[in-house]
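Commentary on secondary and tertiary structure
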Amino acid sequence: MIEESHKTRLKRLRIRSWRRGTREMDLLLGAWADASLPELAPDELDVFEALLDENDHDLYAWVCGQVTPPERFSPLIRAILDTAPTPRGA
């Protein structure tokens, strides 16, 4: 098997972040990936990639605070929410 380069991995993760299946998650994860992926260490990329494997409905419930995310995703969910734009009128 051919090992994926770091640059290729980042590109693949960005694409997956922008093509989630629900527009809300596309906007949230895609924007965060654009801004943050290059700064992540390989083990942090592993966690983000695992997060991308999760169901959008579960992700949405986690980011909305309806359900507590699994502990391994909690710091990442917080980081994503910390950089999310605030809706108008909020």
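This text goes with the structure placed above it.
In this section: the overall build of the chain. On a plain count of helices and strands, the chain comes out with five helices and zero strands. The C-alpha atoms of the chain give a radius of gyration of 13 Å, which matches the 12 Å a tight globule of 90 residues would have. With the C-alpha coordinates of the chain rotated into their principal frame, the extents come out at 45 × 25 × 25 Å. Residues classed as buried in the chain amount to 36% of the 90 residues present. Considering only contacts within the chain whose residues lie at least 6 apart along the sequence, 52% involve residues at least 24 apart.

For the rest of this paragraph, the subject is the nonpolar core. If you look at the biggest cluster of nonpolar residues, it comprises 21 residues, and the most contacted ones within it are Leu29, Trp32, Leu37, Phe48, Leu51 and Ile80. Elements supplying a minimum of two residues to this core: α1 (6-18), α2 (23-36), α3 (42-52), α4 (56-63) and α5 (74-83). Not counting the four nearest positions on each side in its chain, phenylalanine 48 is found in contact with Leu13, Ser17, Leu29, Trp32, Ala33, Leu37 and Leu76.

The next subject is the pattern of salt bridges. In a structure, side chains of opposite charge can pair up when their charged atoms sit close to one another. Within the structure shown, the criterion is met by seven salt bridges. Where arginine 9 meets glutamate 49, a salt bridge forms, and the shortest distance between an N and an O atom there is 2.9 Å. Placement of the pair is arginine 9 in helix α1 and glutamate 49 in helix α3, with a sequence separation of 40 residues. The pair arginine 9 / glutamate 49 is uniform in exposure class, with both members buried. With its nearest N and O atoms 2.7 Å apart, the salt bridge here joins arginine 14 to aspartate 34. Here arginine 14, found in helix α1, pairs with aspartate 34, found in helix α2; they are 20 residues apart in sequence, far enough to count as distant. For aspartate 34, a relative accessible area of 35% corresponds to the partly exposed category. Here the salt bridges do not stand alone but share partners, grouping Glu4, Arg9, Arg12, Asp46 and Glu49 into one network.

The rules we used
- Residue numbers here run from 1 along each chain, matching the order of that chain's written sequence.
- Per-residue local features are limited, in this predicted model, to residues with pLDDT of at least 70; the limit for side-chain atom pairs, both in listing and counting, is 80 or more; totals at the level of whole chains, interfaces and linings are taken over all residues.
- With hydrogens and water set aside, each side-chain value is computed from the structure's full complement of heavy atoms.
- Secondary structure counts use DSSP, requiring at least four H or I residues in a row for a helix and at least two E residues in a row for a strand, with both numbered from the N terminus.
- A radius of gyration in this sense is built from C-alpha atoms; the matching globule rule multiplies 2.2 Å by the number of residues raised to 0.38.
- Relative accessible area decides the class of each residue, using a 1.4 Å probe on protein chains only: under 20% of the type maximum gives buried, over 50% gives exposed, and in between gives partly exposed.
- Working rule for contacts: check all heavy atoms of both residues, and any pair within 4.5 Å makes them a contact.
- Grouping buried Ala, Val, Leu, Ile, Met, Phe, Trp, Tyr and Cys residues that are joined through side-chain atoms within 4.5 Å yields what is termed a nonpolar core.
- What makes a salt bridge here is a side-chain nitrogen of Lys or Arg within 4 Å of a carboxyl oxygen of Asp or Glu, nothing more.

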